[in-house]
Amino acid sequence: GIDCMLSKGGKGLKGDGCVYDLSSLLPVILTPTRLRPGDYVKLRLWFPDEDTFSVIELAEVQWVKNEWIQIELLLVSVKDQTRLRQFVAADGNHTPTLSSIGQQIMIRA
């Protein structure tokens, strides 16, 4: 699993986070290099200046390079798609199309 605080500014979805091993009884923080392209993860996305988060039940690791991870969001609720769309539109100078909303996020872990 990955906990991620979304960042303001820039195009698309970016954030800072931590990678956790959810298979252990106690949360263990892992380095991003433990992930491989094709791995499936669960995300908890925190929005700046908010106390709530969105849960992305299924996402796939696209690539890992040093501390950066590119994630493709595969299973996103309608409510969370709306939140992500609003977040991207509020911080960029563009409004994403429905087909590109929440598809990928770049995370520094």
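Preceding this paragraph is the structure being described.
Given the structure is predicted, the values throughout are model-derived calculations rather than measurements. (Residues numbered from 1 in each chain as written. Predicted model: local features only at pLDDT ≥ 70, side-chain atom pairs only at ≥ 80, totals over all residues. Heavy atoms only, no water.)

(A) A look at the side chain of aspartate 80. For aspartate 80, the position within the fold is in helix H1 (residues 78-91). Buried and without a salt bridge, aspartate 80 has arginine 83 as its closest oppositely charged side chain, separated by 4.7 Å. For aspartate 80, the residues in contact, after removing those within four places along its chain, are Ser54 and Val55. (Helix = DSSP H or I, 4+ residues; strand = E, 2+ residues; numbered from the N terminus. Buried < 20%, exposed > 50% of the residue type's maximum accessible area, 1.4 Å probe, protein only. Lys, Arg positive; Asp, Glu negative; His and termini not counted. Salt bridge = Lys/Arg side-chain N within 4 Å of Asp/Glu carboxyl O. Contact = heavy atoms within 4.5 Å.)

(B) Focus on the environment of alanine 59. Along the chain, alanine 59 falls in strand S5 (residues 53-65). Assessed through its relative accessible area of 0%, alanine 59 is described here as buried. With 16 residues separating them along the chain, alanine 59 and leucine 43 place their C-alpha atoms 7.3 Å apart. Look past the residues within four positions of alanine 59 in its chain and what remains in contact with it is Asp39, Tyr40, Val41, Leu43, Ile71, Glu72, Leu73 and Leu74.

(C) Structural view of the pairing of strand S4 (residues 40-46). By the alternation rule, side chains of S4 split into Val41, Leu43 and Leu45, which are all buried, and Tyr40, Lys42, Arg44 and Trp46, of which none is buried. Bridge analysis of strand S1 (residues 2-6) against S4 gives four bridges, and the strand direction is parallel. What sits directly across from cysteine 4, in S4, is leucine 45. Relative to S5, S4 is paired through six bridges, and the arrangement is antiparallel. The residue bridging arginine 44 from the neighbouring strand is valine 55, located in S5. Hairpin connection from S4 to S5: six residues lie between these consecutive antiparallel strands, with aspartate 49 at a positive phi of about 65 degrees. (Pairing = 2+ DSSP bridges.)

(D) Here's a closer look at the nonpolar core. Among the nonpolar cores identified, the biggest contains 23 residues, and Ile2, Leu43, Ile71, Leu73, Leu84 and Ile105 are the most heavily contacted of them. Elements that contribute at least two residues to this core include exactly S1, strand S2 (13-21), S4, S5, strand S6 (68-75), H1 and strand S7 (104-108). (Core = buried A, V, L, I, M, F, W, Y, C linked by side-chain atoms within 4.5 Å.)

(E) Up close: unusual backbone geometry. Residues other than glycine seldom take positive phi values, yet aspartate 49 does so here, at roughly 65 degrees. Positive phi, close to 55 degrees, is recorded for asparagine 66, a residue that is not glycine. Considering the arrangement of structural elements, one finds asparagine 66 in the loop between S5 and S6.

(F) Geometry of the pattern of salt bridges. In total, this model carries four salt bridges according to the counting rule given. Where arginine 44 meets aspartate 3, a salt bridge forms, and the shortest distance between an N and an O atom there is 2.7 Å. Of this pair, arginine 44 sits in strand S4 while aspartate 3 sits in strand S1; the two residues are 41 residues apart in sequence, bridging distant segments of the chain. Look at aspartate 3 and you get buried, because its relative accessible area is 18%. The partner of glutamate 50 in a salt bridge is arginine 83, with the nearest N and O atoms 2.5 Å apart. In this pair, glutamate 50 sits in the loop between S4 and S5 while arginine 83 sits in helix H1, placing the two residues 33 residues apart along the sequence. You can call arginine 83 buried: its relative accessible area is 16%.

The quantities given are spatial measurements derived from coordinates; they are silent on function.
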